[in-house]
There are 2 protein chains.
Amino acid sequence: MTFIMKKHYLCSISLNSQNMGRCEQCIIREFSSLKALTREELLTISDTKTHFLVKKGEVIFSEGDNLNGVYCIKEGFCKLTKLNANGKDSIVKLSKRGDLLGQRSIINEETSNLTATALEDMSICFIPKKEMMEYFTENNKFSLLVTKDICNHLKDSDKGIADHTHKTVKQRLASVLLKLEELGGTNPENKALNIQLSREDLANMVGTATESCIRLLSDMKKESLIQLLGKNIILVNKSELKNLSE
Amino acid sequence: MTFIMKKHYLCSISLNSQNMGRCEQCIIREFSSLKALTREELLTISDTKTHFLVKKGEVIFSEGDNLNGVYCIKEGFCKLTKLNANGKDSIVKLSKRGDLLGQRSIINEETSNLTATALEDMSICFIPKKEMMEYFTENNKFSLLVTKDICNHLKDSDKGIADHTHKTVKQRLASVLLKLEELGGTNPENKALNIQLSREDLANMVGTATESCIRLLSDMKKESLIQLLGKNIILVNKSELKNLSE
DNA sequence: GTTTTTTCATGATAAATGTCATATATTTTA
DNA sequence: TAAAATATATGACATTTATCATGAAAAAAC
C-alpha cells in the first residue's frame, strides 16, 4: 500500500493560466446537470472555475476533506472509495468523463464521505461551492437535474447493497466486469475493457481478497468466459457472464 | 416464504372518512422536510392526502410499482427490501416514524426500486405526487430539505456498501444490532430493542444465511455481548459490540 | 384447547473464501 | 540497462460461511 501526496493544488495554479477554456463552449457540460445552466451562469463559472490535471494514482480528495466546490471530470476515470477500519478499501463507485464529484458534500454541508483517486491521467475542472449553491437555489431546472443525478446514485448504491448481500463472489465479479464494460466501453481494436483496474482494485470493488479475485479470473478464463492479456480483460462470453451475475 | 396481498387501498378509503387529522396540526411533519411547507401548502395537503393503517407483514408498495405519491410514516417501523435473482431478500434500509418513502421514485419519475413492508402495525399518510412536485419546484426551502434527505440516504447506502465489502458476518451483525438500537431505541423496562426483526430479516439485513445469523447470536449470547429473551434482544456490552463492528 | 404451521436452534458436513507462502512477471526507479 | 519494488499468479491450508437435517419452541389457525 502506498501513500501519494495530493499535488493538484500546484497543478491547478500552473495550468489555469494556460487554460482559457470557456465553459459555454465546453461539450462536457452536456453530460451533466451543468447543461441546465444559463449563458450568464456559464460565463461566471468560466471565470471562477479552475482547471487541473491529475496523474494516475493521485488522490483528488479524501474522506473527511472539506470540499469547497464540485469537480467536473473532463477526461479520465476515477474510483470513489471508503476505507475500512481494518485498513481495507471498498470501491463504492466509479466515475467518468462528464460526471460531477462532491455534490452530496456541498449540498449537505458535510465533509466528503468518500476518497476520489484517479485510475488514469485525468483532466478536471473545479467549480467553487458559492456559485454551485447559488445556481442550485435559484435555477430550478439545474437543481432538479442535480437532485435527479443524486437519486440515480442512490438507486445504484441500493442495488450495490443488495448485490453484496446474497450473491457469491463469482457472481459479483461477473457483475463488476459487465459494469466496467457498460461504464467505460471497450477498445475497438482488441475489445479489451477501457477501464483498467488492478487486481486489488477489482477485489475491492467485488468485495473479496485479491487472491480470490485472481483465482476466479483464472477460472473464468479456463471456462472461456473472459480472456486475459496482461492487464487487458476481454469479455468473451457476455451472455453467460450475465447469466452468472444474476 | 409467504405472499401477502396489499390491502391498504381498502383501508385508506374506509379510514380517511373517519380521519379528519389536519396536517397543519400534525407533529410528525416536524421530523421531515414537510416542516418547510407553508401554511397554505399544508392546508392543501390536508385535503388531498389519504390516511391508512397497515398491519404487520403487509406490503406498502413493491419493487416495480408506479408510486403516485410519497408515504409519510405516522407510526411504526418498516423495512425496504430488494429481491435477489435467486429469490432472497436484502434489507437495504429501515424506516420509522417521521420518514418519507418514495421520494426518489417520484423525483426520478421511475417505478420504485424497493419494496416496503411493515415490521409492525403502522399508520401512514399518502401525499399525492402532484402536490409534492408542485411544492418541490416552487418552495426552495422544501426542495433543499428533500434533497438533503436523499443525500443522507446516499451517504448511508455508500456506508452500507463499504460495510458489506470487507467486514465479516459477525462484524456486520454487531453493526446491525447497534444500528437497530440507534434507529428504534430500547424498551425502558427491559432495555430490549424496540425494532423486532425475525432472524430471517436480521440475516437479510446482515447479508448471511438465517442459520449463520442464529448461530452468531448464540455466540454473542455466550460471550455476554447480548441477551436473548424470546424475540427480545438486549445489548449488554455495547462498547464491545462497537469494537467488534469496526 | 388442540392441531398445524412457522420460527428458532443446533449438529454434521460441504462448499466457499481468506490467509500465508512462494514464484514469476511486470513496472518503476536509480 | 540493472536493480528494486510492485503486481500477478498459484499451491497449501485454515477459517468462515452455507446447506441440509432434525428437533424444540412459539405462534397461528382451527
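Residues numbered from 1 in each chain as written. Chains lettered and ligands numbered in written order. Predicted model: local features only at pLDDT ≥ 70, side-chain atom pairs only at ≥ 80, totals over all residues. Heavy atoms only, no water.

A. How the structure looks around the overall build of chain A. In terms of helices and strands, chain A carries nine helices and 10 strands. For 246 residues, the compact-globule estimate of 2.2 N^0.38 gives 18 Å, and the C-alpha radius of gyration of chain A, at 19 Å, lies within 12% of that figure. When the backbone C-alpha atoms are referred to their principal axes, chain A occupies close to 55 × 40 × 35 Å. Sorting the 246 residues of chain A into buried and exposed places 52% on the buried side. Pairs at least 24 apart in sequence give 70% of the contacts found in chain A among residues at least 6 apart. About 11,600 Å² of surface is accessible on chain A, with carbon and sulfur atoms providing 52% of the total. (Helix = DSSP H or I, 4+ residues; strand = E, 2+ residues; numbered from the N terminus. Rg over C-alpha atoms; globule rule 2.2 N^0.38 Å. Buried < 20%, exposed > 50% of the residue type's maximum accessible area, 1.4 Å probe, protein only. Contact = heavy atoms within 4.5 Å. Areas by Shrake-Rupley, 256 points an atom, 1.4 Å probe, with all protein chains shown as cover.)

B. Structural view of the protein's contact with DNA strand C. In the neighbourhood of DNA strand C, 15 residues make up the surrounding shell, with Thr208(A), Ser212(A), Arg199(B), Ser218(B) and Lys231(B) lying closest. Of all DNA strand C atoms lying within 4 Å of any protein atom, the proportion belonging to sugar or phosphate reaches 58%. A distance of 3.1 Å is found between a base oxygen of DNA strand C and a side-chain nitrogen or oxygen belonging to Arg215(A). A distance of 2.8 Å is found between a phosphate oxygen of DNA strand C and a side-chain nitrogen or oxygen belonging to Lys231(B). (Near = heavy atom within 4 Å. Polar contact = N/O pair within 3.5 Å; in protein donor to acceptor, adjacent residues only side chain to side chain.)

C. The arrangement of the packing of aromatic side chains in detail. All names here are of chain B. This structure, assessed with the given rule, holds six aromatic pairs over all chains. When the ring of Phe-52 is compared with that of Tyr-71, the centres are 6.2 Å apart and the planes differ by 90 degrees; the resulting orientation is edge-to-face. Within this pair, whereas Phe-52 is found in strand E1 (residues 50-54), its partner Tyr-71 is found in strand E3 (residues 69-75), the two being separated by 19 residues in sequence. With respect to class, Phe-52 is no different from Tyr-71; both count as buried. (Phe/Tyr/Trp six-rings, centres within 6.5 Å; stacked < 30°, edge-to-face > 60°.)

D. How the structure looks around the environment of Val169(B). Residues and elements named next belong to chain B. Mapped onto the secondary structure, Val-169 falls in helix H6 (residues 169-184). Sequence separation between Val-169 and Asn-190 is 21 residues; the distance between their C-alpha atoms is 27 Å. When neighbours within four sequence positions are excluded, Val-169 is seen to be in contact with Val-206, Thr-208 and Leu-216.

E. Here's a closer look at the relation of the copies chain B and chain A. At an RMSD of 0.0 Å, chain B and chain A line up after a rotation of 180 degrees and a shift of 0.0 Å along the axis. Both copies are brought into coincidence by an operation consistent with a two-fold rotation axis. Same-surface contact between copies: 100% of interface residues of chain B are shared with the interface of chain A. (Least-squares fit on C-alpha atoms with pLDDT ≥ 70 in both.)

F. Structural view of the protein's contact with DNA strand D. In the vicinity of DNA strand D, 16 residues are found, and the nearest of them are Arg199(A), Ser218(A), Lys231(A), Thr208(B) and Ser212(B). Within 4 Å of the protein, the contacting atoms of DNA strand D are drawn from sugar and phosphate to the extent of 58%. Val169(B) is positioned with one of its backbone polar atoms (N or O) 3.0 Å from a phosphate oxygen of DNA strand D. Separating a phosphate oxygen of DNA strand D from a side-chain N or O atom of Thr208(B) is a distance of 2.3 Å. For the surface near DNA strand D, the secondary-structure elements that each account for two or more residues are helix H8 (210-222) of chain A together with helix H8 (210-222) of chain B. For the surface near DNA strand D, the element with the highest residue contribution is H8(A), accounting for four residues. Tallied by class, the residues present in the surface near DNA strand D amount to three nonpolar, six polar and seven charged. (Nonpolar A, V, L, I, M, F, W, Y, C, P; charged D, E, K, R; others polar.)

G. Structural view of the sheet that holds E1(B). All names here are of chain B. Read across the sheet, four strands follow the order E1-E8-E3-E6 without closing on themselves; strand pairing throughout is antiparallel. A single partner strand is all that each edge strand has here, and the edge strands are E1 and strand E6 (100-101). Contacting E3 and strand E8 (122-128), helix H4 (residues 129-138) crosses the sheet at an angle of about 65 degrees to E8. (Pairing = 2+ DSSP bridges. Axes fitted to C-alpha atoms, helices over the stretch in contact; angles between N-to-C directions.)

H. Looking closely at the confidence of the model for chain A. Confidence in the prediction for chain A averages 88 pLDDT; 92% of positions are at 70 or higher. Throughout residues 1-19 of chain A the model reports pLDDT below 50, and contacts reaching past four residues in sequence, or to other chains, amount to 27 contacts. (pLDDT = per-residue confidence, 0-100.)

I. Broad picture of the interface of chain B and chain A. Taken residue by residue, the interface counts 43 residues in chain B and 43 residues in chain A. Together, the buried faces of chain B and chain A total about 3,900 Å²; carbon and sulfur atoms form 63% of this surface. For the chain B face of the interface with chain A, the top three residues by lost area are Leu154(B), Ile161(B) and His166(B), together amounting to 17%. There are four salt bridges connecting chain B and chain A. The shortest N-O distance in the salt bridge between Lys155(A) and Glu110(B) comes to 2.9 Å. Taken together, the links from chain B to chain A amount to 17 residue pairs in polar contact (both at pLDDT 80 or more). Mapped by element, the contributors of at least two residues to the side of chain B that touches chain A are strand E5 (89-95), helix H3 (103-108), H4, helix H5 (140-166) and helix H7 (199-206) of chain B. Broken down by element, the side of chain B that touches chain A gets its largest block of residues, 19 residues, from H5(B). (Buried area = accessible area lost by both parts, 1.4 Å probe. Salt bridge = Lys/Arg side-chain N within 4 Å of Asp/Glu carboxyl O.)

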